[in-house]
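# Overview (structure and organization)
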Amino acid sequence: RKEVEQDPGPFNVPEGATVAFNCTYSNSASQSFFWYRQDCRKEPKLLMSVYSSGNEDGRFTAQLNRASQYISLLIRDSKLSDSATYLCVVNRVVYGQNFVFGPGTRLSVLP
Amino acid sequence: DVKVTQSSRYLVKRTGEKVFLECVQDMDHENMFWYRQDPGLGLRLIYFSYDVKMKEKGDIPEGYSVSREKKERFSLILESASTNQTSMYLCASRGEALTAKNIQYFGAGTRLSVL
């Protein structure tokens, strides 16, 4: 089983739609979770951290389910500018605490 | 504003050349990383360093080495470049784990072509 798995997409949605991405991770001892966003031919940038109780940042909501080892990202009222690849990130529980990046889910928001 | 700077955006090298990719961060971060990113394979960790002069192998270290002589600088070295090392290389830095600084920041990337 891969350490971090995501819906491969692509997701093509109209402006204003609500879209949800799912991510599963294999190591139950992981403690740090993030969503990163990567625009075409650019570097990944932090979108939001994911906290145990779930958290919201404007139109974006992240949820964590430790029992199922599952993370989600919900985007409401999609904008054209939300078109990007969304990467699920989980810490690897070894010395150095490096991060494992999922393969990403590509989103295209259409006018 | 945080900054991770990679020395080159684009590089073209020939097979067998020694290649140096440089990365500098200005956030006083302990941890620095080198990844490569290829279509369909995502981000793969090559090497990382958690302190000056310390280095650890990542998932795909073969054909690469690294150097961290100063805290702010982490260099990736391709001892003898090969065509299968053509890729986008991304440097990243991160503060202490399990703290508010546990956010990873990336440089803009170096697109390396080996001919």
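Residues numbered from 1 in each chain as written. Chains lettered and ligands numbered in written order. Predicted model: local features only at pLDDT ≥ 70, side-chain atom pairs only at ≥ 80, totals over all residues. Heavy atoms only, no water.

### Quick word on the side chain of Arg37 of chain A
Residues and elements named next belong to chain A. Here Arg37 is to be found in strand S4 (residues 33-38). Within polar-contact distance, the side chain of Arg37 engages the backbone oxygen of Ser81 at 2.6 Å. The contacts of Arg37, once residues within four sequence positions are left out, are Glu43, Pro44, Lys45, Leu47, Ser81, Asp82, Ser83, Ala84, Thr85 and Tyr86. (Helix = DSSP H or I, 4+ residues; strand = E, 2+ residues; numbered from the N terminus. Polar contact = N/O pair within 3.5 Å; in protein donor to acceptor, adjacent residues only side chain to side chain. Contact = heavy atoms within 4.5 Å.)

### Things to note about the state of the cysteines
Per the stated rule, a full pass over the model turns up two disulfides over all chains. Through a disulfide, Cys23 of chain A is tied to Cys88 of chain A; the S-S separation comes to 2.0 Å. Every disulfide takes its handedness from the sign of the S-S torsion; for Cys23 of chain A and Cys88 of chain A that torsion is -70°, giving left-handed. Here Cys23 of chain A is found in strand S3 (residues 19-25), whereas its partner Cys88 of chain A is found in strand S9 (residues 84-91), with 65 residues between them in sequence. Comparing Cys23 of chain A with Cys88 of chain A, the two get one shared label, buried. Between the sulfur of Cys23 of chain B and that of Cys91 of chain B lies a disulfide, 1.9 Å long from S to S. (Disulfide = S-S within 2.5 Å. Buried < 20%, exposed > 50% of the residue type's maximum accessible area, 1.4 Å probe, protein only.)

### Quick word on the environment of Val13 of chain A
Residues and elements named next belong to chain A. Summarising the element assignment, Val13 is placed in strand S2 (residues 11-14). Sequence separation of Val13 and Arg92 is 79 residues, and the distance between their C-alpha atoms is 32 Å. Once residues lying within four places of it in the same chain are set aside, the contact partners of Val13 are Val19, Ser78, Leu107, Ser108, Val109 and Leu110.

### Re the interface of chain A and chain B
Every contact between the two is made by 18 residues of chain A and, on the other side, 21 residues of chain B. Carbon and sulfur atoms make up 56% of the surface buried where chain A meets chain B, a total of about 1700 Å² over both sides. Among the residues of chain A in contact with chain B, Arg41, Phe99 and Phe101 of chain A are the three that bury the most area, contributing 28% of the side total. The interface formed by chain A and chain B holds one salt bridge in total. For Arg92 of chain A, the salt bridge goes to Asp59 of chain B, with nearest N and O atoms at 3.2 Å. Taken together, the connections running from chain A to chain B amount to three residue pairs in polar contact (both at pLDDT 80 or more). Secondary structure elements with two or more residues in the side of chain A that touches chain B: S4, strand S5 (45-49) and strand S10 (99-101) of chain A. Grouping the constituent residues of the side of chain A that touches chain B by class yields eight nonpolar, seven polar and three charged. (Buried area = accessible area lost by both parts, 1.4 Å probe. Salt bridge = Lys/Arg side-chain N within 4 Å of Asp/Glu carboxyl O. Nonpolar A, V, L, I, M, F, W, Y, C, P; charged D, E, K, R; others polar.)

In short, the description is geometric, and any link to function would need to be established separately.
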